[in-house]
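Architecture at a glance
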Amino acid sequence: MADLKNNWTFDEIKSIYNKPLLELIYDAATVNRMSHKFGEVQVCTLLSVKTGGCPEDCAYCPQAARYNTGLKAHKLLDTKEVLEKAQDAKNSGSTRFCMGAAWREVRDNKDFDRVLDMVKGVNQIGLEVCCTMGMLTEEQAQKLKEAGLYAYNHNLDTSEEHYDKVITTRSYKDRLNTIGNVRNAGISVCSGGIIGMGESHDARIGMIHTLSTLPQHPESVPVNALVAVEGTPLEEMKRVSVFDMVRMIATVRITMPKTMVRLSAGRLDMPVTEQALCFMAGANSIFAGDKLLTTPNPSFTDDMAMFDLLGLTPREAFKQEPTEQLV
Ligand code: SAM
Ligand code: DTB
Ligand code: SF4
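The model shown is predicted, which means the values in this text are computed figures rather than measured ones.

Ring pairs (aromatic) are described by centroid distance and by the angle formed between their planes. Enumeration over the complete set of coordinates arrives at 2 aromatic pairs. The interplanar angle of 85 degrees and the centroid separation of 5.3 Å between the aromatic rings of tyrosine 150 and phenylalanine 318 together place this pair among those described as edge-to-face. Separated by 168 residues along the polypeptide, tyrosine 150 in the loop between helix 5 (138–147) and strand 4 (151–153) and phenylalanine 318 in the segment after strand 10 (313–314) bring together distant segments of the chain. Under the relative-accessibility criterion, phenylalanine 318 is labelled partly exposed at 39%. Seen in terms of ring centroids, tyrosine 163 and tyrosine 172 are 5.3 Å apart; in terms of plane orientation they differ by 70 degrees. Their pairing is edge-to-face. Residue classification places tyrosine 163 among the buried residues on the basis of a relative accessible area of 3%. For lysine 5, the ring lying beneath its charged end belongs to tryptophan 8, and the centroid distance is 4.9 Å. One cation-aromatic arrangement involves arginine 33 over phenylalanine 38; the distance from NZ or CZ to the ring centre is 4.8 Å.

This is the structure in structure tokens:
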């Protein structure tokens, strides 16, 4: 196995991203075969444990209080309800359970104590437990780790240059800082972004550059296609082309061979033929279940039919992730 490389230059990544498409897919598939069981795809479940009313201004997000998206907000769910949903997810074959909260940051209060209980419970069910709840301090990350948190998702969303066209209420540096706190607490890092927000190809390459030159590659990189939600500033954005998704996924796969590349939001609008290209290009995880956090997703039955058709096999939980030191 080749050593992981974390001194990529922007130009090196750009020349990968710009390869002729079929050559790019072929290269990414080759890297994927060397680092992962080919055709193995992890099935994950999302649950919004606290929905809407968020003070941030993320231009893509239906949960930001300042946009009128008609979303029904709710406070933090009860632990019991969350654990029932986690058990259902496990029963239907999911191996990772990600709880999302529409918070700017985690605060040290009763809600956080409840989140710690949820984390303990989901861990006991035998699922990889992940949270995505905004900014975290190192102490909070440590407490989550002690409660059994396996992974934390905190996306860069886009490149540093494009960032302030999407979010102004917190900085790129804040994001990197939270990612560092998660890493230092020994929690698996999940960080990626969204394409289709009007960004340039260079912005996409720039985000991959930042992720792949972190001291250690994130164990997971979600690649989301924007779900353009009515009422958000990005409501008019056109659906991103599958070829752009494939370029993005393949470049992430080649630059960070051992990372789980998660084909996240946007699958509802992608026929199986398009999703197949994404798996060929190195995506090895999906979110299953008919809802992401707040927007619709393909049904579990449709996804299982896709697994059958493409000969994909579900990945087991807690399979060794890349933790070795980089060159
Ligand atoms: N509030 C927390 C935060 O921002 O970190 C956690 C939840 S937030 C919904 C998690 C991620 O979902 C965002 O960083 C973004 O990448 C993704 N996301 C949100 N809305 C989306 C949309 N409409 N289309 C695609 N991805 C989206
Ligand atoms: C990620 O990068 N994508 C997932 C997960 N991390 C939390 C969330 C996608 C959300 C899509 C919009 C919604 O359903 O609200
Ligand atoms: Fe809030 Fe997260 Fe949505 Fe931004 S992405 S508005 S922080 S819930």
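Further remarks concern the confidence of the model for the protein. Residues with a pLDDT of 70 or more make up 97% of the protein, whose mean pLDDT is 96. In the model, residues 322–327 has pLDDT below 50 throughout and makes 19 contacts with residues more than four positions away in sequence or in other chains.

What counts and how
- Residues numbered from 1 in each chain as written.
- Chains lettered and ligands numbered in written order.
- Predicted model: local features only at pLDDT ≥ 70, side-chain atom pairs only at ≥ 80, totals over all residues.
- Heavy atoms only, no water.
- Phe/Tyr/Trp six-rings, centres within 6.5 Å; stacked < 30°, edge-to-face > 60°.
- Helix = DSSP H or I, 4+ residues; strand = E, 2+ residues; numbered from the N terminus.
- Buried < 20%, exposed > 50% of the residue type's maximum accessible area, 1.4 Å probe, protein only.
- Lys NZ or Arg CZ within 6 Å of the ring centre and 35° of its normal.
- pLDDT = per-residue confidence, 0-100.
- Contact = heavy atoms within 4.5 Å.

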